[in-house]
Amino acid sequence: MPSRDRALAIYQEFYDTLPERAEAVIQKTIEKAEKLGPADFLGYEKMMREYQKDIDETFGIIREGEYRGSSRPEVELMQALPGESIYNIPEVKARFAQSLQVQDRIGETRRQLETQFMDRLKEHGKALLDAGWLQDPKGIYLACLWKSGAAVRPDSEMVNKFLTAVKNKDLSVMVSWIGANSQNPGSQEAFSRLTGVQLGKTQKERVAQLAEWAGKEQVEELKNRQEQKAKIREEKRKVEGLANAWENLKDLRVNMSDGRIVNGQEYIAEKVGKGQDHVVARREGAVYQYYLLNRDTSDISGVRKPTFTRYAKAVLAMDQQGDVRNAMHLAGLGDRLPEPQKAAPSVDTAPSDPGQQEASKADLDHLFGKEDPSQHFQQAVKQPESRAPEAGQTQPQMTNFAKTLLGRDPSDDVPANLDPQMGRKGPEALGKLLKEVGGETLMVSGKQGERATTIREYLDGGIRRGMTATQDRGDSVFWYNPDDTKYAKTITDPRIIGVLREAARVHPNLGEAVRMAAPQIQNPGKGRGHGHGHGQGVE
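All values derive from a computational prediction rather than experimental measurement.

1. Some thoughts on the side chain of T468
- With respect to the element layout, T468 can be found in the loop between helix 20 (455–464) and strand 8 (469–472).
- Judged by relative accessible area, which is 16%, T468 ranks as buried.

2. Notes on the nonpolar core
- In this structure, Y141, F162, M174, F191, L210 and W213 are the most contacted members of the largest nonpolar core, which totals 39 residues.
- Listing elements by their share of this core, those giving two or more residues are helix 3 (41–58), helix 5 (90–131), helix 6 (137–147), helix 7 (157–168), helix 8 (171–179), helix 9 (185–195) and helix 10 (203–214).
- Tallying contributions element by element places helix 6 first for this core, with seven residues.
- Dropping the residues within four chain positions of it, F162 is found in contact with Y141, M174, W177, S187, A190, F191 and L194.

3. Concerning the pairing of strand 9 (residues 477–480)
- Residues V477 and W479 line one face of strand 9 and the alternating positions F478 and Y480 line the opposite face, and both faces are buried.
- Connecting strand 8 to the antiparallel partner strand 9 that follows it, the hairpin turn spans four residues, and G474 within it adopts a positive phi of roughly 90°.
- Here four bridges tie strand 9 to strand 10 (residues 488–491), and the two strands are oriented antiparallel to one another. Across the sheet, the residue bridging to W479 is K489, located in strand 10.

4. Notes on the packing of helix 3 against helix 5
- The contact between helix 3 and helix 5 brings their axes to 12 Å, and the two run at 175°. Between helix 3 and helix 5, the angle falls in the class roughly antiparallel. On the side of helix 3, the interface is formed by F41, Y44, M47, M48, Y51, Q52 and I55, while helix 5 contributes I106, T109, R110, L113, E114, F117 and L121.
- Here the contact of helix 3 with helix 5 is built from residues that sort into 10 nonpolar, two polar and two charged.

5. What to know about the layout of surface pockets
- In this structure, the second largest pocket occupies an estimated 150 Å³ of space.
- Lining the second largest pocket are R237, K238, G241, N244, A245, N248, T307, R310, K313, A314 and A317.
- The dominant element in the lining of the second largest pocket, judged by the number of residues it contributes, is helix 11 (residues 216–248), at six residues.
- A class-by-class count of the residues in the lining of the second largest pocket yields three nonpolar, four polar and four charged.

6. Examining the sheet that holds strand 10
- On the basis of which strands lie adjacent, the open sheet formed by three strands has the order 8-9-10 and antiparallel pairing. The open sheet has two edge strands with one neighbour each: strand 8 and strand 10. Recorded for the sheet is a direction-independent mean angle of 20° between the axes of neighbouring strands.
- Strand contacts of helix 21 (residues 494–506): strand 8, strand 9 and strand 10, with the helix running at about 70° to strand 9, the strand carrying the most contacts.

7. So, the confidence of the model for the protein
- Within the protein, residue pLDDT values average 80, and 79% of them lie at 70 or more.
- Within the protein, the lowest mean pLDDT, 30, falls on helix 15 (residues 356–359), and the highest, 97, falls on helix 6.
- Throughout residues 343–424 the model reports pLDDT below 50, and contacts reaching past four residues in sequence, or to other chains, amount to 248 contacts.

8. A short note on the pairing of strand 5 (residues 300–303)
- Of the two faces of strand 5, both are covered, the one formed by I300 and G302 as well as the one formed by S301 and V303.
- A loop of six residues connects strand 4 (residues 287–293) with strand 5, the two strands running antiparallel in sequence, and S298 in this loop sits at a positive phi of about 65°.

9. Topic: the pattern of salt bridges
- Going through the model one piece at a time under the given rule, you end up with 28 salt bridges.
- The partner of D16 in a salt bridge is R95, with the nearest N and O atoms 3.2 Å apart. You can see D16 sitting in helix 1 (residues 3–16) and its partner R95 sitting in helix 5, a full 79 residues away along the chain.
- Each of D258, R260, E270 and K274 takes part in salt bridges that share partners, so that together they form one network.

10. Focus on the side chain of Q218
- On the secondary structure map, Q218 appears in helix 11.
- Of the residues examined, Q218 reaches a relative accessible area of 18% and is grouped as buried.
- Once residues lying within four places of it in the same chain are set aside, the contact partners of Q218 are N168, K169, D170 and L171.

11. What about the packing of aromatic side chains?
- With the rule as written, the count across this model stands at 12 aromatic pairs.
- Taking the centre distance of 6.2 Å and the plane angle of 45° together, the rings of F41 and W146 count as tilted. Taken together, the positions of F41 in helix 3 and W146 in helix 6 put the pair 105 residues apart, joining distant regions of the chain. Just as F41 is buried, W146 falls in that class too.
- Plain terms: the ring middles of F162 and W177 are 5.9 Å apart, the flat faces sit at 15° to each other, and that makes the pair stacked. Of this pair, F162 sits in helix 7 while W177 sits in helix 8; the two residues are 15 residues apart in sequence, bridging distant segments of the chain. Summarising the burial analysis for this pair, F162 and W177 share the class buried.
- Taking NZ or CZ as reference, R21 lies 4.5 Å from the ring centre of F14, over its face.
- The residue whose ring lies beneath R473 is F478, and the NZ or CZ to ring-centre distance is 4.3 Å.

12. Topic: the packing of helix 8 against helix 9
- Contact pair helix 8 / helix 9: the axes reach a minimum separation of 9 Å and the direction vectors enclose 125°. Between helix 8 and helix 9, the crossing angle belongs to the class labelled oblique. The residues of helix 9 that touch helix 8, namely those facing M174, W177 and I178, are S187, Q188 and F191.
- Looking at side-chain class alone, the contact of helix 8 with helix 9 contains four nonpolar, two polar and no charged residues.

Thresholds, definitions, all that
- The residue numbering used here restarts from 1 in each chain and proceeds along that chain's sequence as written.
- Local features in this predicted model are restricted to residues of pLDDT 70 or higher, and side-chain atom pairs are both shown and tallied only at a pLDDT of 80 or more, whereas totals for entire chains, interfaces and linings draw on every residue.
- Based on all heavy atoms of the structure, the side-chain values leave hydrogens and waters out of the count.
- Secondary structure follows DSSP: runs of H or I at least 4 residues long count as helices, runs of E at least 2 residues long count as strands, and numbering of each begins at the N terminus.
- Note on exposure labels: buried denotes an accessible area under 20% of the residue type's maximum, exposed denotes more than 50%, and partly exposed covers the range between, all computed with a 1.4 Å probe on protein chains only.
- What makes a nonpolar core is a set of buried Ala, Val, Leu, Ile, Met, Phe, Trp, Tyr and Cys residues whose side-chain atoms join them at distances within 4.5 Å.
- Note on contacts: a residue pair qualifies if any of its non-hydrogen atoms lie within 4.5 Å across the two residues.
- We treat two strands as partners when DSSP finds at least two bridges between them.
- To obtain each axis, a line is fitted to C-alpha atoms, and for helices this fit is confined to the stretch in contact; angles are then taken between N-to-C directions over 0 to 180 degrees.
- Each angle gets one of four labels, with under 35 degrees taken as roughly parallel, over 145 as roughly antiparallel, 65 to 115 as roughly perpendicular, and the rest as oblique.
- Gly is placed with the polar residues, together with every amino acid not listed as nonpolar (Ala, Val, Leu, Ile, Met, Phe, Trp, Tyr, Cys and Pro) or charged (Asp, Glu, Lys and Arg).
- Here a cavity is any set of points on a 1 Å grid over the protein atoms alone where a 1.4 Å probe fits but cannot get out, and a pocket is any open set with protein on both sides within 12 Å along at least 5 of 7 lines; a residue lines the site when it has an atom within 4 Å of a point.
- Grid points are joined across faces, edges and corners, and a volume is the space filled by probe spheres set on the points.
- pLDDT gives the predictor's per-residue confidence on a scale running from 0 to 100.
- Any carboxyl oxygen of Asp or Glu within 4 Å of a side-chain nitrogen of Lys or Arg constitutes a salt bridge here.
- To pair, rings of Phe, Tyr and Trp, with the six-membered ring standing in for Trp, must have centres within 6.5 Å; the planes then decide the type, stacked if under 30 degrees apart, edge-to-face if over 60, and tilted in the middle.
- We call a charge positioned above a ring when the Lys NZ or Arg CZ atom is no farther than 6 Å from the ring centre and deviates by at most 35 degrees from the ring normal.

Structure below.
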């Protein structure tokens, strides 16, 4: 007989005798099962291991070596027919289909053995309980579990845990196992048999019964434990939330006034390093906007992007005061921020009076009276009509103003980009600028509440109080009365910044500069409402 035919004949013979050999293994295992005790877990597990081993041998499964897990008949046939795909040979296909029936018979037998053992175990558990002679808590618990169909071995750790919880009236374990959970009928029955408490059918009833059984002290202990766990979970959630929000800032790009493009992390670090180290939220229309605030100067910055907003919210969740440094420290990210910078002393035209720095923190009552510096922030962002530099780049009249000064749409993050040298010089330029923006609305807050005024009225009110000097600080202008330091203000609104910078080119005294520009100012109109600009960063 040719070698190919001989190899195929051996292969066919193996599978032709497979059903008979498999049936012999099945019958041998069934006989073993009938001899097992109803709760003989060790005997059952040993029997099932031997069953699997015998079946593997019947199918020729190789258990060791290079071809471990493969079928010996297929390996030998491939070696006898090198270079030939044996699974395309008709005889192999036929025998493979024939073996499927044997596999089904083997799987069905396995399920029958498992079912038989469980049925006998349930009957055994019920018989033990019905006999009424069980006194040992462990025996009672095991019998209840077996009766319910739970194949729990006597040496299982859960048995000891349950019995210890009953003994110590551990309300936490009982509530989780049989109070809030109705899927453990064996444990419920065992509890009732051991304690005499017949548990109700609803979760509410069971929890109330368990609380009464455990006592007030255990209830309080459980409550405190749950509160502590909830607190730990919440703190972990906050830390993870801030860490994720900080990580996502790397993908945010912010255009800075000096032409740089920085990512969100660099933006936050730079602003916090300059003292804008507190997150604040202010309602603007129907939504809240979030900003970084310098509590000393009331300067604010922000980026109108969801990534920045999520970071700001995460900071507030970690620290209710919005302290960025503390929130980052609590999240283990404190080293990502620079050390705080000391405020530089006033120079040039700024008064040397020690009280000047304090004066710069005060807001102006009504238009210019003393009040809490935080109200300057509220005045700047509370209403859309007076959105301070932050919102200016999305407000139509602000866009027109910025276009005039910049010669382009604003897209950087600070008002310092509003260059007053873009084609405007002398009293004529100041007059045109005052005419353009003087009638625009500005909301101010004071002791009498919030009221609307115009930019021109706002400037005139300050001039009447002697606020005629200015100091340009880059992203803001310090406007003050050189003879009375209680009247001073840090201006961050880009419209007013533009006017003050232009006026400084006309005359060092703001009042005199406005007087010189008076011929150019005739009936200042309202801010125009066309055009729309937007930018990543807003200040």
